[in-house]
Amino acid sequence: MPKMNVNKSITINASQKKVKEFLADFHNWKNWSPWLICEPDASINYTNDGKYYKWDGNRVGSGEMKVTAEKDNRIDYDLTFLKPWKSKAKVAFNFSGKGNETQVNWTMDSSLPFFMFWMKKAMETYVGMDYDRGLKMLKEELEHGKINSKLEFVGDNEFDGCDFIGIKTTTPFSNIDKAMEKDFNDLNEFIGKNNIEVSGLPFSEYQKFNLVKDKVVYVAGFPVRSKPENLPENFFYGTLPKLKMHTVRHKGKYDHLGNAWTTVMMMERNKEFKKNKKASPMEIYHNDPSNTAPEELITDISMPIL
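First, a word on scope: everything that follows refers to the structure included in this document. (Residues numbered from 1 in each chain as written. Predicted model: local features only at pLDDT ≥ 70, side-chain atom pairs only at ≥ 80, totals over all residues. Heavy atoms only, no water.)

**Describing the sheet that holds strand β4 (residues 62–71)**
Next, step 1: Strand order in the open sheet formed by 7 strands is β1-β7-β6-β5-β4-β3-β2, with antiparallel pairing between adjacent strands. The outermost strands of the open sheet, each flanked by one partner alone, are β1 (3–12) and β2 (43–46). Looking at each pair of strands side by side, their axes are set apart by 15 degrees on average, direction ignored.
Next, step 2: With 4 bridges connecting them, β2 and strand β3 (residues 52–56) associate as antiparallel partners. If you follow isoleucine 44 over to β3, its bridge partner there is tryptophan 55. (Pairing = 2+ DSSP bridges. Helix = DSSP H or I, 4+ residues; strand = E, 2+ residues; numbered from the N terminus. Axes fitted to C-alpha atoms, helices over the stretch in contact; angles between N-to-C directions.)

In structure tokens form, the structure reads like this:
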């Protein structure tokens, strides 16, 4: 059985006692769970003391988890997955730090079914990204009492297509926020200086991404009425066709967009729609981050469907 290990950490501005007590009670997990946010209607049952819970859902599968040991600087859990396949894992939170600052280290030791040996690196990457998403939400929950990430399940809709000006970029996925910020700043500056008429919402089209190899190819673009005559060398003019889409809308910080992306991919695996492999998924931005509070940002994650 191929072994699998995940280890992620974050620093939280809260006392170790507060963090430990919060994580030792499963009643507190639903808001920040990187999986349950993807399926809010999943069935969840707890024991009264909050030391055990089980879940069952279409997207998140089913399983159970229980606290097995609590120490001053550590909590241990047994995790059992029942669907989509059976497996067991040892999970732990380790705590360190002083005063009102706690470093939280989240680990998982598990194994994959023998027939999935070739997925080991990918699964460690995907679960690691889930852990990163969860820790960011845990931090917000404990520091501010709320999480700036809400999902709206828009469902099937139509993208009308457009002509656009864009910039195509290849970058490590870990650097995408900086790369995308630069691309949209360059596009905005060009549009403003040349009085170009924008005809729709800005977007990013994800042409290729490989999370395991930390590589993504995307196009950042603005729909326009007509082709400008003086496009800079790194800009191009293109057309997106009319498409059927399945959309999950995210409201909140861009830091949490992974919640919507993961939900869309869970939906695809659950065969809630059939992906159109000839087209690329998109992010569509409903407001301008330069004059919008982070908690009010609205972004559509749209997967092309048949």
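**As for the environment of glutamate 21**
Next, step 1: Here glutamate 21 is to be found in helix α1 (residues 16–23).
Next, step 2: On the accessibility criterion, glutamate 21 (47% relative accessible area) is partly exposed.
Next, step 3: Residues glutamate 21 and glutamate 70, 49 residues apart in the sequence, show an inter-C-alpha distance of 9.8 Å.
Next, step 4: Polar side-chain contacts of glutamate 21 include one of 2.7 Å to the side chain of lysine 17. (Buried < 20%, exposed > 50% of the residue type's maximum accessible area, 1.4 Å probe, protein only. Polar contact = N/O pair within 3.5 Å; in protein donor to acceptor, adjacent residues only side chain to side chain.)

**Section: the pattern of salt bridges**
Next, step 1: Inspection of the entire model under this criterion finds 17 salt bridges.
Next, step 2: We note a salt bridge from lysine 83 to aspartate 56, for which the minimum N-O separation is 3.7 Å. With lysine 83 in strand β5 (residues 74–83) and aspartate 56 in strand β3, this pair connects stretches of sequence that are 27 residues apart.
Next, step 3: Connected via shared salt-bridge partners are Lys20, Lys51 and Glu70. (Salt bridge = Lys/Arg side-chain N within 4 Å of Asp/Glu carboxyl O.)

**Quick look at the packing of aromatic side chains**
Next, step 1: Tallied over the entire structure, the rule returns 26 aromatic pairs.
Next, step 2: Pairing tryptophan 29 with tryptophan 32 gives two aromatic rings, centres 4.9 Å apart and planes at 50 degrees, and the pair type is tilted.
Next, step 3: Taking the relative accessible area as the measure of exposure, tryptophan 29 reaches 4% and is therefore buried.
Next, step 4: Note on tryptophan 32: relative accessible area 0%, which makes it buried.
Next, step 5: Geometrically, the ring pair formed by phenylalanine 184 and tyrosine 285 is edge-to-face, given 5.6 Å between the ring centres and 85 degrees between the ring planes. Of this pair, phenylalanine 184 sits in helix α3 (residues 176–193) while tyrosine 285 sits in strand β14 (residues 282–285), and the two are 101 residues apart along the sequence. (Phe/Tyr/Trp six-rings, centres within 6.5 Å; stacked < 30°, edge-to-face > 60°.)

**Examining the environment of isoleucine 301**
Next, step 1: Tracing the chain through its elements places isoleucine 301 in strand β15 (residues 298–304).
Next, step 2: When the C-alpha positions of isoleucine 301 and aspartate 25 are compared, they lie 32 Å apart, and in sequence the two are 276 residues distant.

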